[in-house]
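Observations on the three-dimensional arrangement
Residues per chain, in single letters:
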Amino acid sequence: MKVRRSHYELAFEAYLDRRGTPYVSVEDVRHMVKGRTGAKAFDYVVYPAAGPACLVDVKGRKFPQRTDSGDCRQKNWVTRSDVDGLLTWQELFGDGYEAVFVFAYWLAEPDGLPPPLFDDDDVLRFSGRRYRFWLAPVGEYSKHYKRLSQSWDTVCIPRDEFLKLSRSLETVWPAAPC
């Protein structure tokens, strides 16, 4: 069976590969685990050089507009089952694991506009696109979320709170010493 991943997940894998960060994709077993736990599956187990292993759910968001600050963290919505599922998995895995969302922002620009000025260390160029990655611990996220849509069962946290609790991957997961 061929596993299909989104361009956001492929970019995240490229980011981890380039930095020498070990990870395991759980895509191959996704169809088997939900029936056994009742919890929505996550995308990766990541083993950063420092800190606990992370149960990662990648959330891809397109960022087409410019802001004065250049900060792409405009959208941080997830489904309530994303939050509940990751908290369940963290409990099942136990100590030594942390459940996190990694928001992969595709820095798309409207036609005719030059790319914004971003520090190249914070931007991954992959397959003709540019990405930035921000980590949000699910435990913290769950303390601040508000309902966004009842019909879609989506939640988000206020932007100011998200700016406080999210951290760029470059600052959280240092590159492997190799």
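Now for a description of the structure that goes with this document. Bear in mind that the values here come from a model prediction, so they are computed numbers and not experimental data. (Residues numbered from 1 in each chain as written. Predicted model: local features only at pLDDT ≥ 70, side-chain atom pairs only at ≥ 80, totals over all residues. Heavy atoms only, no water.)

Moving on to the overall build of the chain. For the chain, the helix and strand inventory stands at six helices and 10 strands. Looking at the 178 residues of the chain, the share that counts as buried comes to 44%. Considering only intrachain contacts with a sequence separation of at least 6, the fraction spanning at least 24 residues in the chain is 69%. (Helix = DSSP H or I, 4+ residues; strand = E, 2+ residues; numbered from the N terminus. Buried < 20%, exposed > 50% of the residue type's maximum accessible area, 1.4 Å probe, protein only. Contact = heavy atoms within 4.5 Å.)

One broad rule of soluble globular proteins: the nonpolar side chains tend to lie buried together. Among the nonpolar cores identified, the biggest contains 25 residues, and Phe42, Val78, Val83, Leu86, Phe101, Phe103 and Tyr141 are the most heavily contacted of them. Those elements that place two or more of their residues in this core are α3 (80-93), β5 (97-106), β7 (129-137), α4 (138-144), β9 (154-156) and α5 (159-165). Top contributing element to this core by residue count: β5, with four residues. (Core = buried A, V, L, I, M, F, W, Y, C linked by side-chain atoms within 4.5 Å.)

Among the secondary structure elements, glycine 60 is positioned in strand β3 (residues 53-62). Linking glycine 60 and serine 6, residues 54 residues apart in sequence, is a C-alpha distance of 8.4 Å. Apart from the residues within four sequence positions on either side, glycine 60 is in contact with Tyr8 and Ala104.

A few words on the packing of aromatic side chains. For any pair of aromatic rings, geometry is given as the distance between the ring centres together with the angle between the planes. The full count for this structure, using the stated rule, is 15 aromatic pairs. Here the aromatic rings of tyrosine 15 and phenylalanine 133 are separated by 5.2 Å at their centres, their planes lie at 45 degrees, and the arrangement is tilted. Of the two residues, tyrosine 15 is situated in helix α1 (residues 7-19) and phenylalanine 133 in strand β7; the sequence distance between them amounts to 118 residues. Side by side, tyrosine 15 and phenylalanine 133 carry an identical accessibility label, which is buried. Seen in terms of ring centroids, tyrosine 23 and tyrosine 44 are 5.8 Å apart; in terms of plane orientation they differ by 75 degrees. Their pairing is edge-to-face. Taken together, the positions of tyrosine 23 in strand β1 (residues 23-25) and tyrosine 44 in strand β2 (residues 44-46) put the pair 21 residues apart, joining distant regions of the chain. (Phe/Tyr/Trp six-rings, centres within 6.5 Å; stacked < 30°, edge-to-face > 60°.)

Opposite charge on two side chains permits them to pair, given that their charged atoms come into close proximity. Enumeration over the complete set of coordinates arrives at six salt bridges. One salt bridge connects aspartate 82 with lysine 59, and the closest N-O pair in it is separated by 3.0 Å. Of this pair, aspartate 82 sits in helix α3 while lysine 59 sits in strand β3; the two residues are 23 residues apart in sequence, bridging distant segments of the chain. By relative accessible area, aspartate 82 is classed as buried at 3%. With relative accessibility at 9%, the residue lysine 59 sits in the buried group. The partner of arginine 80 in a salt bridge is aspartate 153, and the shortest N-O contact between them spans 3.0 Å. Placement of arginine 80 in helix α3 and of aspartate 153 in the loop between β8 (146-149) and β9 is noted, with a sequence separation of 73 residues between them. Of the residues examined, aspartate 153 reaches a relative accessible area of 31% and is grouped as partly exposed. Through salt bridges that share partners, Lys40, Asp57, Lys59 and Asp82 make up one connected network. (Salt bridge = Lys/Arg side-chain N within 4 Å of Asp/Glu carboxyl O.)

Attention now moves to the sheet that holds β9. The three strands lie next to each other as β4-β9-β8, forming an open sheet whose pairing is antiparallel. Where the open sheet ends on each side, the last strands, each with one partner, are β4 (78-79) and β8. As paired strands, β8 and β9 are joined by three bridges and run antiparallel to one another. What sits directly across from lysine 146, in β9, is cysteine 156. (Pairing = 2+ DSSP bridges.)

The next thing to look at is the environment of tyrosine 44. The exposure class of tyrosine 44 is buried, given its relative accessible area of 1%. Tyrosine 44 sits 14 residues away from valine 58 along the chain, and the two C-alpha atoms are 8.2 Å apart. Of the polar contacts made by the side chain of tyrosine 44, one reaches the backbone oxygen of glutamate 9; its length is 3.4 Å. (Polar contact = N/O pair within 3.5 Å; in protein donor to acceptor, adjacent residues only side chain to side chain.)

Nothing here speaks to function; it is all geometry.
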